[in-house]
Structure formats: structure tokens, C-alpha cells
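Residues per chain, in single letters:
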Amino acid sequence: MAALPLALSAFLAVLAVGAVGHALSIAVRRRRRELAVLRALGLTRRQSRHVIITQASLLAVIGLIFGIPLGIALGRTLWHAAANMTPLAYNPPWAQLALLLIVPLALVAANLLAAWPARRAARLRTAQILRTE
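Residues numbered from 1 in each chain as written. Predicted model: local features only at pLDDT ≥ 70, side-chain atom pairs only at ≥ 80, totals over all residues. Heavy atoms only, no water.

**Q** Mind showing me how you'd approach the environment of A121 here?
**A** By the secondary structure assignment, A121 is in helix α5 (residues 115-122). Residues A121 and H50 lie 71 residues apart in sequence; the distance between their C-alpha atoms is 9.7 Å. (Helix = DSSP H or I, 4+ residues; strand = E, 2+ residues; numbered from the N terminus.)

Following this line, the structure appears as C-alpha cells:
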């Protein structure tokens, strides 16, 4: 039973990484016209990379702002319910190290995931995209 919360948190972390990567990839694909217009107005390749990196960072920060308090509250409630169903003593865990590491790890992971979509955004062919409109 002690490994159950760790396995669940690892599974949810993998889901979160996949969701952030997918969201960033789709954002570049769907917003390529807007990026092309910005590039035509003077946005450089470097700045278009920063647009995607900023989006990834904001996505991670907003996820952390809502996810940490909700995760602590929901996790304690569900673990207390699971401990009451079995003959276990409920001892609420407090993982300070995990809480300290989650913020920088989430930001680094989001920015690493943004590298490929940011590269795609920087390599957009502005004239070709605007001609198809």
C-alpha cells in the first residue's frame, strides 16, 4: 500500500508531461497564421521561439498554482478514505522535498517540451502561410 501513492503520482506526472507536450505542439500548428502575421510585422525567429517558451512557462505556472493545493487536499482526502476501508492507520504524509522539487522540475520540463514546437514556430515560412489564406 505504501507504493500506491508513488505509482499514482508517477502516472499522473507522465500524463501531465504528455498533455503539455501535446498542447504546445497543437498550439503551434493551430496558430501558425497568427505567428506568420506577427513575423510579417517584424517578429524575429528568436522572438517567435520566446512566444512558445512563454506559453509553456505560463502553462506550467498555472498548473502548479492550481495543482499543488488541489493535489494536497484531494490526495489527503482520498488516502484517508482508502486507509479507512482497510485495516491501516492513517498517518498523513508531508513530503516537503517533493513540494520543493516540483516547481523547478515542472518549469524545466515544460521548457524542454517547448523546444521542438518553438523550433517549428521559428522555421515557419511566412510568405507561404500567408499566401494560403
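Structure's up, so let's keep going.
**Q** How do you make sense of the packing of helix α1 (residues 3-30) against α5 when you look at a structure like this?
**A** Geometrically, a packed helix pair is captured by the angle between its two axes and the distance between the axes. The interhelical angle for the contact between α1 and α5, taken along N-to-C directions, is 10°, at an axis separation of 9 Å. With respect to α5, the element α1 is oriented roughly parallel. Each of L24, S25, V28 and R29 in α1 lies in contact with α5, whose residues at this interface are W116, P117, R120 and A121. Partitioned by chemical class, the residues of the contact of α1 with α5 number five nonpolar, one polar and two charged. (Axes fitted to C-alpha atoms, helices over the stretch in contact; angles between N-to-C directions. Parallel < 35°, antiparallel > 145°, perpendicular 65-115°, else oblique. Contact = heavy atoms within 4.5 Å. Nonpolar A, V, L, I, M, F, W, Y, C, P; charged D, E, K, R; others polar.)

**Q** Would you mind going over the pattern of salt bridges with me for this structure?
**A** Two side chains with opposite charge may pair up if their charged atoms get near one another. As enumerated under the stated definition, the model contains one salt bridge in all. For E34, the salt bridge is made with R31, and the minimal N-O distance between the two is 3.5 Å. Among the residues examined, E34 registers a relative accessible area of 39% and is labelled partly exposed. (Salt bridge = Lys/Arg side-chain N within 4 Å of Asp/Glu carboxyl O. Buried < 20%, exposed > 50% of the residue type's maximum accessible area, 1.4 Å probe, protein only.)

**Q** How should the nonpolar core be read in this particular structure?
**A** Side chains of a nonpolar character, in soluble globular proteins, are inclined to be buried together. Among the nonpolar cores identified, the biggest contains 14 residues, and L24, I52, A56, A110, A114 and A121 are the most heavily contacted of them. Other than its neighbours up to four places away in sequence, I52 contacts L24, V28, A114, P117, A118 and A121. (Core = buried A, V, L, I, M, F, W, Y, C linked by side-chain atoms within 4.5 Å.)

**Q** Could you clarify how one ought to interpret the environment of G18 in this entry?
**A** Structurally, G18 is set in helix α1. A residue is classified by how much of its surface remains accessible, and G18, at 43% relative accessible area, is partly exposed. In this structure the C-alpha to C-alpha distance between G18 and P104, which are 86 residues apart in sequence, comes to 18 Å.

**Q** Before we go on, may I ask you to explain a positive patch on the surface in this structure?
**A** Together, R45, R49, R119, R123 and R125 make up a region of like positive charge exposed at the surface. Considering the arrangement of structural elements, one finds R49 in helix α3 (residues 45-85). (Patch = residues over 30% accessible without salt bridge, like charges linked within 9 Å, V, L, I, M, F, W, Y side chains within 5 Å. Areas by Shrake-Rupley, 256 points an atom, 1.4 Å probe, with all protein chains shown as cover. Lys, Arg positive; Asp, Glu negative; His and termini not counted. Charge placed at Lys NZ, Arg CZ, Asp CG, Glu CD.)

**Q** Which parts of the structure should I look at to understand the side chain of S25?
**A** For S25, the position within the fold is in helix α1. On the basis of relative accessible area, S25 is assigned to the buried category, the value being 12%. Those residues in contact with S25, other than ones at most four positions away along the chain, are W116, P117 and R120.

**Q** Teacher, can you tell me more about the packing of helix α4 (residues 96-113) against α5 here?
**A** Interaxial distance between α4 and α5 falls to 4 Å at its minimum, and their mutual angle equals 35°. Across the interface between the two elements, N111, L112 and L113 of α4 pack against A115, W116 and P117 of α5. When grouped by side-chain class, the residues that make up the contact of α4 with α5 number five nonpolar, one polar and no charged.

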